[in-house]
Amino acid sequence: MSFDPDQLASLAAVLRLGTFGAAAHALHVTPSAISQRIKALEERVGASLVQRGQPCTGTPAGRRLAKHAEDIAILEQRLVEALSLEEPGRTTRVRVAVNADSLATWFIPAMGACHPLLFDLVLDDENHTAGWLRRGEVSAAVTGHQDPVPGCHVEGLGCLRYVASASPAFMARWFPDGVDAQSIARAPCLTFDAKDALQRQWLAVHVGEDVHPPSHTVPSTHAFLEATRAGLGWCLNPLPLARPHLEDGSIVPLLPDTPLDVPLCWQVSRIMAPALTPVTEAIRAAA
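Residues numbered from 1 in each chain as written. Predicted model: local features only at pLDDT ≥ 70, side-chain atom pairs only at ≥ 80, totals over all residues. Heavy atoms only, no water.

*Asks:* Kindly report on helix α1 (residues 5–17), identifying the contributing residues and their values.
*Replies:* The first and last C-alpha atoms of α1 sit 18 Å apart over 13 residues, in line with the 18 Å expected at 1.5 Å per residue. Three or more residues of α1 are buried, namely Gln7, Leu8, Ser10, Leu11, Ala12, Ala13 and Val14. Measuring from the backbone nitrogen of Asp6 back to the side-chain oxygen at the start of α1 gives 2.7 Å, which picks out Asp4 as the cap. Phi turns positive, to about 95°, at Gly18, one or two residues after α1. (Helix = DSSP H or I, 4+ residues; strand = E, 2+ residues; numbered from the N terminus. Expected span 1.5 Å × (residues − 1). Buried < 20%, exposed > 50% of the residue type's maximum accessible area, 1.4 Å probe, protein only. Polar contact = N/O pair within 3.5 Å; in protein donor to acceptor, adjacent residues only side chain to side chain.)

If you want it as structure tokens, here you go:
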């Protein structure tokens, strides 16, 4: 089965921009033309591809086809470059799953090294980003899984180091006699979301597996650090962000010399790996 490139481009634009009107403007056609293309594509695959709403979102089949369209654009761009052809104004994008802490610490320089490629990032926990690859919804992912997703290449990036930390005032209030299972079971901690297991991992190694402190949910890496400095709770902060605040004493480790190192890997679809070689090189260098 082959697909009409205009129909694929229209689907990708609707899902990227959220409305038929915005997609029409980006592709220099009418909203009616976009609607007709989507309808024709849905009839061809025999399934709904777009969930109409504000914004429009993709069904599982729609998201797969939209990523396919973006993959084709990248492959065509690499061919244009290999043949030394000029194609002014052409842009391509790649969809990548990445964890929030990598994005906040080292991933942005890698993106900057890949100009003019555009990135469509999906944020998820490092233990769940591989699922986006497995479902075929991204072309590559920064993940905590070292076993390759079927059909993907994997290479290690090293470890992102975390430090369990809190403000001095928080330490004085909750741990006047030191950190132990009883005191930390009462002290509020911070968690990113329901998938965040870093605090539990650190507790299991250094305090005890059956310790379950109360928790704030703060879904932002930078807000995590600010909440720690403000004395809202203790948490695992990535060392690249936490280091200046550890050095000036605005936050302190809960226990000395107890970092948590989280291994990270780069997994990329084998089909797209040759075309995404510059991205892989930039990721490797930045990490």
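*Asks:* Break down the side chain of Ser102 for me, with residues and values.
*Replies:* By the element assignment, Ser102 lies in helix α5 (residues 100–112). On the basis of relative accessibility, which here comes to 0%, the residue Ser102 falls in the buried class. Apart from residues no more than four positions distant in its own chain, Ser102 is found in contact with Phe107, Val142, Leu160 and Leu264. (Contact = heavy atoms within 4.5 Å.)

*Asks:* Give me the packing of α1 against helix α3 (residues 31–45): which residues, what numbers.
*Replies:* At their nearest, the axes of α1 and α3 sit 9 Å apart, and the two run at 110° to each other. As far as their axial angle goes, α3 and α1 are roughly perpendicular. Residue-level contacts link Asp6, Gln7, Leu8, Ser10, Leu11 and Val14 of α1 to Ile34, Arg37, Ile38, Ala40 and Leu41 of α3. Residues of the contact of α1 with α3, tallied by class, amount to seven nonpolar, two polar and two charged. (Axes fitted to C-alpha atoms, helices over the stretch in contact; angles between N-to-C directions. Parallel < 35°, antiparallel > 145°, perpendicular 65-115°, else oblique. Nonpolar A, V, L, I, M, F, W, Y, C, P; charged D, E, K, R; others polar.)

Keep in mind these values describe shape, not function.
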